[in-house]
Amino acid sequence: MAASRVVSIRTRLTALSVLATLAPVGAALGFVAERDLRDIRNEMMSSSALIGYVIAEYSASAMAFEDHGDAQRTLNGLTRDENVIAAGLYDNGGRLFAGYERRATDSFSALPKHIRAAGSGTAIDGEHVTVTQPVVSQGTRYGSLVVLVSLQHLRSRIRAYMLSMGLLGLGAIAAAGLLALMLERMVSRPLLALADVARRIAATEDYSVRATGVGRDEIGLLAGAFNRMLSEIDGRQKQAQQAIRVRDDFLSIASHELKTPLTSLKLQVQGLIMMPPASLSRDDGARLEQTLNVVDRQIVRLDKLITNLLDVSRIAAGRLVIETAETDLSQLVHEVTRQFEPQLTRLNCRLDARIEASVVGSWDPPRIDQVVTNLLSNAIKYGGGKPIELIVDATAERARLVVRDQGIGISAEDQKRIFDRFERAASLSYGGLGLGLFISSQIVRAHGGTIRVESTPDVGSTFTVELPRRPGSRGAST
Amino acid sequence: VSGQPWILVVDDDEDIRDTIRSLLQLRGYSVDIAADGAAGLERMRAGAAPALVILDFMMPRMNGEEFRAAQLADPALSAVPVILLTGAGDTASALGTPVERIAKPIDLQLLFDTVARFCTPRDR
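The numbering scheme is per chain: residues are counted from 1 as the chain's sequence reads. Chain letters and ligand numbers both follow the written order, the letters beginning at A and the numbers at 1. Residues qualify for local features only when their pLDDT is at least 70, as the model is predicted, and side-chain atom pairs are given and counted only at 80 or more; totals for whole chains, interfaces and linings, by contrast, use all residues. As a rule here, side-chain values cover all heavy atoms of the structure and leave hydrogens and water aside.

1. Concerning the overall build of chain A
The numbering of helices and of strands both runs from the N terminus, where a helix is a DSSP run of H or I of at least 4 residues and a strand a run of E of at least 2. Looking only at helices and strands, chain A features 11 helices and 12 strands. Buried means the residue's accessible area, taken with a 1.4 Å probe over protein chains only, is under 20% of the maximum for its type, while exposed means over 50%, and partly exposed covers the values in between. Among the 478 residues that make up chain A, the fraction classed as buried is 38%. Considering only contacts in chain A between residues 6 or more positions apart, those separated by 24 or more positions represent 66%. Residue-level accessible areas treat just the shown protein chains as cover; the underlying method is Shrake-Rupley with a 1.4 Å probe. Accessible surface for chain A amounts to roughly 27,400 Å². Of this, 57% is attributable to carbon and sulfur atoms. By definition, residues are in contact when any of their heavy atoms lie within 4.5 Å.

Here you go:
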């Protein structure tokens, strides 16, 4: 129902152009015609009156002497004026004295046979101007003159004007149509093109499509805004897709990482189940202990993975809470390195530690433990078995932890994103969730400190953490 | 293990490869281990070829797929059967035959049964 009332821009433009063209031209023509026709009419009336006056003057003596022939000759002089249809002289009794008709007939059909006497003046009706003039000589009235003047001239002028009006109207409509077409090309087509682009995008969900071929006018601005909006949507969609891809990759890594300790656990437990209890020997007792050690390690590993996952969701929800206590960083680092000793020995990897006797500050001990453990295990994982350097020192304001390896290193490109969630520089083959540095950087930041990396591929990486010793004071220098 | 039929376990996870080794040894097999594909190839070329390889898929340096490509390219090793340990999301394609796949977490009985199809223990 509403749709039937919708008038397209094209139709409206055409109507507007017709109006715009026709109205002023029509008004001007009408004005000119009205003035012109009035002038013609007045001119005809005054010239008719003049004819009447002159003829009456010349006819006066003929009427005074009742000379019909002379009166007729005077009237016949009107032949020279083609607008005069007829003229008649009437005596005081109103009877026709002498007559003239342009189209000569015997009956003088155009002239009245009698008139009422004493009339005088100029009148106009649909067909002619009628002049009634008294015929007077030396104060005596002898009768009246009636002259009929044709309005043919005025009518043909009116017809010419009507024709002009009609032609103008047609011309205006044609011009308006042309104008509307041009306006439509300028306004409605680009709009329809924009609508078409929008429709195409809705159908294909391809946000790389752009509105093209638009000028720099208002519609061009609209198209520009439209295109910018598309770029924005396109960018956001790509970002969202990238985020989904990263998340999917992460899920695949996470399930792999969770399955590895489970594999080990399952093998150990199934191995134990297969051992007949009756046949347990001293050797088996030693093997049992070894097996349980592996089981314990795998449980710790699973626990760490799950803790990391929980930390990430805590950070994402903004619920990473730091509970500070008086902490000796040196002592804490010593404890962490002690936990890594068996692994370092197994890998035949040397750890050069230069740790100041005591660096006390106000930090969250388990969280700082997490950072140190992460940096040290990364150094071992990516260090290629080469010596690892560990430094702890401090100024009055802040403490510093440096972990340096000589391993595979990190490219400049990757250095920018290794502190981001789910990101890692190394190939997936190295294992791990790719969360360690993200969590570490978040913990350091929550302490008001900084973490940074310097690295050269195939030469090694150096991670430096700086922490303010007291909350509120800035730990970072640039 | 020289002269005897033996099994090579290639896995970057220390606990898994040690566990598989000790469990297979208890069954009477001769077993050697390698921490990644490159080390595994090195070990295979060092002496007599193994009777069977138990291969992890995701490893640093040289993963299962690259190991398999290198193995198939070496005429002396290409015939050695392989049991592939696959995790979730591993796309173990173009690995060629003969390859058996066992999904992680590994079922020990399935591992024993599969191994037994390719290799007999020394003495039981």
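2. Re the interface of chain A and chain B
On the chain B side, the residues contacting the 23 residues of chain A number 22 residues. Values labelled buried area give the accessible surface lost by two parts on being combined, using a 1.4 Å probe and summing over both. Summed over both sides, the interface between chain A and chain B buries roughly 2,100 Å², with carbon and sulfur atoms accounting for 60% of that surface. In what follows, salt bridge is the name for a side-chain nitrogen of Lys or Arg lying within 4 Å of a carboxyl oxygen of Asp or Glu. A salt bridge links Arg346 of chain A to Glu14 of chain B; the nearest nitrogen and oxygen atoms lie 2.6 Å apart. A 3.5 Å cut-off defines polar contacts: any pair of N or O atoms within that distance qualifies, except that in protein one atom must be a possible hydrogen donor and the other a possible acceptor, and neighbouring residues in sequence count only when both atoms are side-chain atoms. Connecting chain A to chain B are five residue pairs in polar contact (both at pLDDT 80 or more).

3. Points about the sheet that holds strand S4 (residues 128-137) of chain A
Residues and elements named next belong to chain A. Here five strands make up an open sheet; going across it, the order is S2-S1-S5-S4-S3 and the pairing antiparallel. Looking at strand neighbours, the two that pair on one side only are strand S2 (96-101) and strand S3 (121-124), the edges of this open sheet. Across this sheet, the average inter-strand angle for adjacent strands is 15 degrees, counted without regard to direction. Between any two strands, at least two bridges found by DSSP are needed for them to pair. With five bridges connecting them, strand S1 (residues 84-91) and S2 associate as antiparallel partners. Note on S2: the bridge partner recorded for Tyr90 is Leu96. Here helix H3 (residues 68-76) sits on the sheet and contacts S1, S2 and strand S5 (140-150); the angle it forms with S2, its principal contact strand, is near 30 degrees. Only the stretch in contact is used when fitting a helix axis, every axis being a line fitted to C-alpha atoms; angles between N-to-C directions are given from 0 to 180 degrees.

4. What to know about the pairing of S3 of chain A
Bridge count between S3 of chain A and S4 of chain A: four bridges; the pairing is antiparallel. Following the sheet pairing, Ala123 of chain A is matched in S4 of chain A by Thr130 of chain A.

5. Brief notes about the side chain of Asp234 of chain A
Structurally, Asp234 of chain A can be placed in helix H6 (residues 218-274). In this view, Asp234 of chain A contacts Tyr207, Ser208 and Arg210 of chain A; residues no more than four positions away in its chain are not counted.

6. Some words on a nonpolar patch on the surface
Residues and elements named next belong to chain A. Like-charged residues within 9 Å of one another, or nonpolar side chains (Val, Leu, Ile, Met, Phe, Trp, Tyr) within 5 Å, are grouped into patches, provided each residue has over 30% relative accessible area and no salt bridge. Together, Leu50, Tyr53, Val54 and Tyr58 give the surface a local cluster of nonpolar side chains, amounting to about 440 Å² of exposed area. Tracing the backbone shows Tyr53 in helix H2 (residues 9-64). When its relative accessible area of 46% is taken as the criterion, Tyr53 is described as partly exposed.

7. Some details on the sheet that holds strand S9 (residues 388-394) of chain A
All names here are of chain A. Read across the open sheet, the five strands follow the order S7-S9-S10-S12-S11; overall the sheet is mixed. Looking at strand neighbours, the two that pair on one side only are strand S7 (351-355) and strand S11 (450-456), the edges of this open sheet. Going across the sheet, the axis of each strand differs from the next one's by a mean of 10 degrees, ignoring polarity. Alignment of strand S10 (residues 398-404) against strand S12 (residues 460-468), held across seven bridges, turns out to be antiparallel. When the sheet's bridge partners are listed, Ala399 is paired in S12 with Leu467. Along the sheet, helix H11 (residues 436-446) contacts S11 and S12; its crossing angle with S12, the most-contacted strand, is approximately 25 degrees.

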